[in-house]
Amino acid sequence: MKSKSILYTLLTRIGLVAIGPLVALSLFNYYSYRHDSMEMAADAQTLVNEHTSTKINLFFMLQQLTFIELAKNPLPIVPGEPTASVSMKCKYLLYRASPLKGYSNWMVIDNEGQILAFNSTDKSPDMTGKYFEKPQIDFGVYTSPYMDKKVGDYPLKGQYISMNLSKINWDRPLYLVGVTNFQSGISFLKDEKKVLDSRHLGHCTLMIANPASKEPLVIFTNEKNYPKNYDWNLVNKPHQRVRIGNNVWYIDSQLTSIGSNVFKLISVVTEKDVLYKSILMFQLTTVIIIIALVTMVVTIILIAISFVRPLRTIRQRLNRVAQGEYSERIVLNRADEFGHLAMS
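The structure presented is a predicted model; accordingly, all values stated were derived computationally and were not measured.

Asks: Just to check I follow, could you spell out the overall build of the protein for this structure?
Replies: Regarding its fold elements, the protein presents six helices and 11 strands. Here the protein holds 344 residues, and 41% of them are scored as buried. Considering only residue pairs separated by 6 or more positions, the protein has 57% of its internal contacts joining residues 24 or more positions apart.

Pasting the structure below:
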């Protein structure tokens, strides 16, 4: 019969009994915290996205109100004044408008859509003399839908707001036009990224999307891998799970108004970030299990040594007895059963 040491027996039997519950505890903690982790991540993602959407909405609303006040300012233009002189005075108006961060291009057009004055904050070429488009209304404020057009040879994307310069008395009506390419929204996306970082949702992609197009208008991300060419109209509920190949993301979509149009503020976070707390708990539990197993093994070895040493001494003495040596006594300085056995 093949012999097995006490140490081997203790390690296998006690180890098997202990490892099972410890692994079960680790898995239980992971899956129980998984649900809580997803709920907390969903609440954080939705709350931050809603807050950013409100900030963007209020920002562009304030920009529009400032635009209206600017359009109401009179300019010293008189009937019959040469177009070149009118153009210079209109440029002064655009110079005053340029600090408004919501707009990238400014222009004054006449009732035929010809640009009399132009100013840009995004290094666009001067479009003075080119034709933009005819104004849609004579009085009041007009906000265009999203446009993708060319003015001359230069592409112009975004939406514009226009208003009649009613206090200018010239030969034909003039209109103040502000064009936004939504790049001013980047600052809000950066702020949202910082908040998501603090919630352990930093591997994210943030964008402002046009519901009529798959292409984001503005995007901010440090991630190389995120849903590209995705139909954002398919995102119709908070914290929606999306799988593309082996990649999984959770997407939150909030409607935000810019002018009279509605766009989508999209927040995309990775599954790893969503499950951060459950993964952290699993790692913590695994460390505790490893510490417990190491402690158990060390304890079993110490216990086994306390058994093996006296048994080895007794076995050696019994071997000598079998050889006819009866004079030597077994000396064990122990008061337990091994000590009593040695004295008997």
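Asks: Teacher, can you tell me more about the pattern of salt bridges here?
Replies: Where side chains of opposite charge bring their charged atoms close, a pairing between them can arise. With the rule as written, the count across this model stands at six salt bridges. A salt bridge links Glu81 to Lys89; the nearest nitrogen and oxygen atoms lie 2.9 Å apart. Judged by relative accessible area, Glu81 falls into the buried class, the value being 10%.

Asks: Is there a simple way to explain the sheet that holds strand S11 (residues 261-270) in this structure?
Replies: Whenever strands of a sheet pair, they do so through backbone hydrogen bonds, lying parallel or antiparallel. On the basis of which strands lie adjacent, the open sheet formed by five strands has the order S8-S7-S11-S10-S9 and antiparallel pairing. The open sheet terminates on both sides in strands that have one partner only, identified here as strand S8 (216-221) and strand S9 (240-244). Between one strand and the next, the sheet's axes are offset by a mean angle of 25°, whatever the strand orientation. Where strand S7 (residues 204-209) meets S11, six bridges bridge the pair, whose relative direction is antiparallel.

Asks: How should I be thinking about helix H3 (residues 186-198) in this particular structure?
Replies: What sets the pattern is the α-helix's 3.6 residues per turn: residues three or four places apart point alike. For H3, which comprises 13 residues, the first-to-last C-alpha distance of 19 Å matches the rise-based estimate of 18 Å (1.5 Å per residue) to within 8%. Listing the buried residues of H3 in full gives Ile186, Phe188, Leu189, Glu192, Lys193 and Leu196. When H3 is viewed along its axis, its buried side chains cluster within an angular range of 155° and face the same direction. Turned more than 90 degrees away from the buried face of H3 sit Lys194 and Ser198, all of them exposed. Remark: His200 follows H3 within two positions and exhibits a positive phi of approximately 65°.

Asks: How do you make sense of the environment of Thr286 when you look at a structure like this?
Replies: Relative to the elements of secondary structure, Thr286 occurs in helix H5 (residues 276-322). On the accessibility criterion, Thr286 (27% relative accessible area) is partly exposed. Measuring from C-alpha to C-alpha, the distance between Thr286 and Leu22 comes to 8.9 Å, with 264 residues separating the pair along the chain.

Asks: Is there a simple way to explain empty space enclosed by the protein in this structure?
Replies: Applying the stated criterion across every chain, the model contains one cavity of 30 Å³ or more. Space inside the largest cavity adds up to approximately 90 Å³. Elements that contribute at least two residues to the lining of the largest cavity include exactly helix H1 (6-71), strand S5 (154-164) and strand S6 (174-180). With three residues, S5 is the single largest residue contributor to the lining of the largest cavity. Of the residues in the lining of the largest cavity, the class split is five nonpolar, six polar and no charged.

Reading guide: rules and limits
Residues numbered from 1 in each chain as written. Predicted model: local features only at pLDDT ≥ 70, side-chain atom pairs only at ≥ 80, totals over all residues. Heavy atoms only, no water. Helix = DSSP H or I, 4+ residues; strand = E, 2+ residues; numbered from the N terminus. Buried < 20%, exposed > 50% of the residue type's maximum accessible area, 1.4 Å probe, protein only. Contact = heavy atoms within 4.5 Å. Salt bridge = Lys/Arg side-chain N within 4 Å of Asp/Glu carboxyl O. Pairing = 2+ DSSP bridges. Axes fitted to C-alpha atoms, helices over the stretch in contact; angles between N-to-C directions. Expected span 1.5 Å × (residues − 1). Arc of directions from axis to C-beta. 1 Å grid on protein atoms, 1.4 Å probe; cavity = no way out; pocket = protein on both sides within 12 Å on 5 of 7 lines; lining within 4 Å. Points joined across faces, edges and corners; volume = space filled by probe spheres on them. Nonpolar A, V, L, I, M, F, W, Y, C, P; charged D, E, K, R; others polar.

Distances and angles like these do not, on their own, reveal function.
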